[in-house]
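A structural walkthrough
Now for the letters of each chain:
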Amino acid sequence: MAGAGLLAQVVVAKYADHTPLYRQAGIYRRAGIELDRATLASWVREAAALLQPLSDALRRYVLDADKIHTDDTPVPVLEPGRGKTRTARLWTYVRDDRPAGSRAPPAVWYRYSPDRKGERPREHLAGYTGILQADAFSGYDALYRDGSIIEAGCWAHARRKFYDLHVTRPSAVTAEALERIGALYAIEAEIRGKPPDERRQVRQARAQPLLTELQAWLRTTLAMLSRKSDTAEAILYALNRWESFIRYVDDGSIEIDNSAAERALRGVALGRRNYLFAGADSGGERAAAMYTLIGTAKLNGIEPQAYLRHVLEHIAEHPINRIDELLPWNVAGELPTFTPGA
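Please read all numbers here as calculations on a predicted model, not as lab measurements. (Residues numbered from 1 in each chain as written. Predicted model: local features only at pLDDT ≥ 70, side-chain atom pairs only at ≥ 80, totals over all residues. Heavy atoms only, no water.)

Examining the overall build of the chain
Each helix and strand counted, the chain has 14 helices and five strands in total. Whereas a compact globule of 342 residues would reach a radius of gyration of roughly 20 Å, the chain reaches 22 Å, a difference of no more than 12%. With 342 residues in all, the chain has 50% of them scored as buried. Of all intrachain contacts in the chain linking residues separated by at least 6 positions in sequence, the fraction that spans at least 24 positions is 67%. (Helix = DSSP H or I, 4+ residues; strand = E, 2+ residues; numbered from the N terminus. Rg over C-alpha atoms; globule rule 2.2 N^0.38 Å. Buried < 20%, exposed > 50% of the residue type's maximum accessible area, 1.4 Å probe, protein only. Contact = heavy atoms within 4.5 Å.)

Okay, here's the thing in structure tokens:
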């Protein structure tokens, strides 16, 4: 029988420290402890089932926000009986308004899907109304049609297209594009953490003129390029969704980019390098739940292993209708802090 401390250690080692179960079994074996991979896997499965109500509570909290960030990343999954892998997806939805001066706790919710069809985010966001900050993935387009979800573009994606071109084939056009976008980011650095009204006023006074000039320059430059060129493609990426890219100017709660979601997927990308694949769709769903709890603990400055140990010790006897009492920010005073980057 595994205690809460050991269960938390195994889960955090797998999903936060990116140590696959077979490697963990080897580590324990060197210490003279025989714990085979199947045993560890059963512990992870049972812990995930026990913690699922908390993941569900975080889903409700994230989708209750007026604005969320989203992105997705590929995850290899073993195809049963074929000895091959297929590409599934892990989606992230982030609520984090601290850059706009909010004191509401940040949270992240992950969802697994066996593919990247547009119906997946529509299913995840069913009933949501508000602002969705995302890249230009066409699968999101249906979400914006009835106006209940408002698109906010990501300048980091627009900038990256020019940056990638500049690294391989630097030109006067890519250099100027990066300089102009960089000026927008310089304004954001000055107002990060300020209240929405102050951010809106500064953006309207300083960023709006720069954006007007940028749009005119992009159009003029595009007219001199072949529409089949990579540079024209980078320009069209911004121009075709211009309204979504400038929406942040008139709404101080919106960010200039979708970096919150991209940061939330970095740990997944690191883990993907260490484990070759998820064993099945059920494994992907467990990963999503565990990433949700660990990621939210980290966002709130809480040491994730201590948090999971705490909830595993209490959740079995905790009333389900009071599950929110076990959310990270509600138990933070009882737990060690976490240093970002650790």
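Quick look at the pairing of strand E2 (residues 84-95)
Alignment of strand E1 (residues 67-79) against E2, held across eleven bridges, turns out to be antiparallel. In the sheet register, threonine 70 faces E2, and the bridge partner there is tyrosine 93. The pairing of E2 with strand E3 (residues 107-113) spans seven bridges and is antiparallel. Across the sheet, the residue bridging to leucine 90 is tyrosine 112, located in E3. (Pairing = 2+ DSSP bridges.)

Description of the sheet that holds strand E5 (residues 149-152)
On the basis of which strands lie adjacent, the open sheet formed by five strands has the order E3-E2-E1-E4-E5 and mixed pairing. Looking along the sheet, the strands with just one partner apiece sit at the ends: E3 and E5. Strand after strand, the sheet turns through a mean of 30° between neighbouring axes, direction not considered. Alignment of E1 against strand E4 (residues 130-133), held across three bridges, turns out to be parallel. The partner of lysine 67 across the bridge, within E4, is isoleucine 131. Against the sheet, helix H3 (residues 37-63) engages E1, E2 and E3, with an angle of about 110° to E3. Contacting E1, E2 and E3, helix H12 (residues 281-299) crosses the sheet at an angle of about 170° to E3. (Axes fitted to C-alpha atoms, helices over the stretch in contact; angles between N-to-C directions.)

Observations regarding helix H7 (residues 196-222)
Over its 27 residues, H7 runs only 34 Å from end to end, short of the ideal 39 Å by more than 12%, given 1.5 Å per residue. Those residues of H7 that fall on the buried side of the exposure criterion are Arg199, Val202, Arg203, Ala207, Leu211, Leu214, Gln215, Trp217, Leu218, Thr221 and Leu222. Contacts from the buried residues of H7 go to helix H5 (155-168), helix H6 (172-191), helix H8 (230-239) and helix H9 (242-246). (Expected span 1.5 Å × (residues − 1).)

Structural notes on the packing of H3 against H12
Any two packed helices are characterised by how steeply their axes cross, that is the angle between the axes, and by the distance between the axes. With their axes 8 Å apart at the nearest point, H3 and H12 run at an angle of 60° to one another. Viewed along their axes, H3 and H12 adopt a mutual orientation that is oblique. Considering only the axes of H3 and H12, their crossing is left-handed. Taking contact as the criterion, the partners of Val44, Arg45, Ala48, Leu51, Gln52, Leu54, Ser55 and Leu58 in H3 are, on H12, Arg286, Ala289, Met290, Thr292, Leu293 and Thr296. Residues of the contact of H3 with H12, tallied by class, amount to eight nonpolar, four polar and two charged. (Parallel < 35°, antiparallel > 145°, perpendicular 65-115°, else oblique. Left-handed = near helix turned anticlockwise from the far one by under 90°. Nonpolar A, V, L, I, M, F, W, Y, C, P; charged D, E, K, R; others polar.)

Describing the side chain of glutamine 24
Inspection of the secondary structure assignment puts glutamine 24 in helix H2 (residues 21-30). Excluding residues within four positions of it along the chain, glutamine 24 makes contact with Gln9, Val10, Ala13, Lys14, Thr19 and Leu40.

Points about unusual backbone geometry
In this structure, histidine 18 takes a positive phi of about 60° despite not being glycine. Inspection of the secondary structure puts histidine 18 in the loop between helix H1 (4-15) and H2.

Here we look at the packing of aromatic side chains
Per the counting criterion, the structure on display carries ten aromatic pairs. Measuring from centroid to centroid gives 5.6 Å for tyrosine 15 and tyrosine 291, while their planes differ by 75°, and the two rings are edge-to-face. One end of the pair, tyrosine 15, is in helix H1; the other, tyrosine 291, is in helix H12, with 276 residues separating them in the sequence. An identical accessibility class is assigned to tyrosine 15 and tyrosine 291; each is buried. Between tryptophan 91 and tyrosine 140 the ring centres are 6.5 Å apart and the planes differ by 75°, which places this aromatic pair in the edge-to-face class. (Phe/Tyr/Trp six-rings, centres within 6.5 Å; stacked < 30°, edge-to-face > 60°.)

Structural notes on the nonpolar core
Of all hydrophobic cores here, the largest spans 72 residues; its most connected members are Leu51, Leu54, Ile68, Tyr110, Leu132, Tyr307 and Leu308. A total of twelve residues in this core trace back to one element, the largest contributor, which is H3. Aside from chain neighbours lying at most four places away, what touches tyrosine 307 is Leu54, Leu293, Ala297, Ile302, Leu326, Leu327, Pro328, Val331 and Leu335. Among the nonpolar cores identified, the runner-up in size contains 33 residues, and Ala152, Leu184, Ile187 and Ile246 belong to it. (Core = buried A, V, L, I, M, F, W, Y, C linked by side-chain atoms within 4.5 Å.)

Section: the pattern of salt bridges
Overall, the coordinates contain 20 salt bridges when judged by the stated rule. Taking the shortest distance from any N to any O, the salt bridge between aspartate 97 and lysine 67 comes out at 3.0 Å. Of this pair, aspartate 97 sits in the loop between E2 and E3 while lysine 67 sits in strand E1, and the two are 30 residues apart along the sequence. Just as aspartate 97 is buried, lysine 67 falls in that class too. (Salt bridge = Lys/Arg side-chain N within 4 Å of Asp/Glu carboxyl O.)

Comments concerning the side chain of histidine 69
Note that histidine 69 resides in strand E1. Side-chain polar atoms of histidine 69 contact the side chain of asparagine 258, separated by 3.0 Å. Sequence-distant contacts of histidine 69, that is, excluding residues within four places in its chain, are made with Thr92, Tyr93, Val94, Gln133, Glu255, Asp257, Asn258, Ala260 and Ala261. (Polar contact = N/O pair within 3.5 Å; in protein donor to acceptor, adjacent residues only side chain to side chain.)

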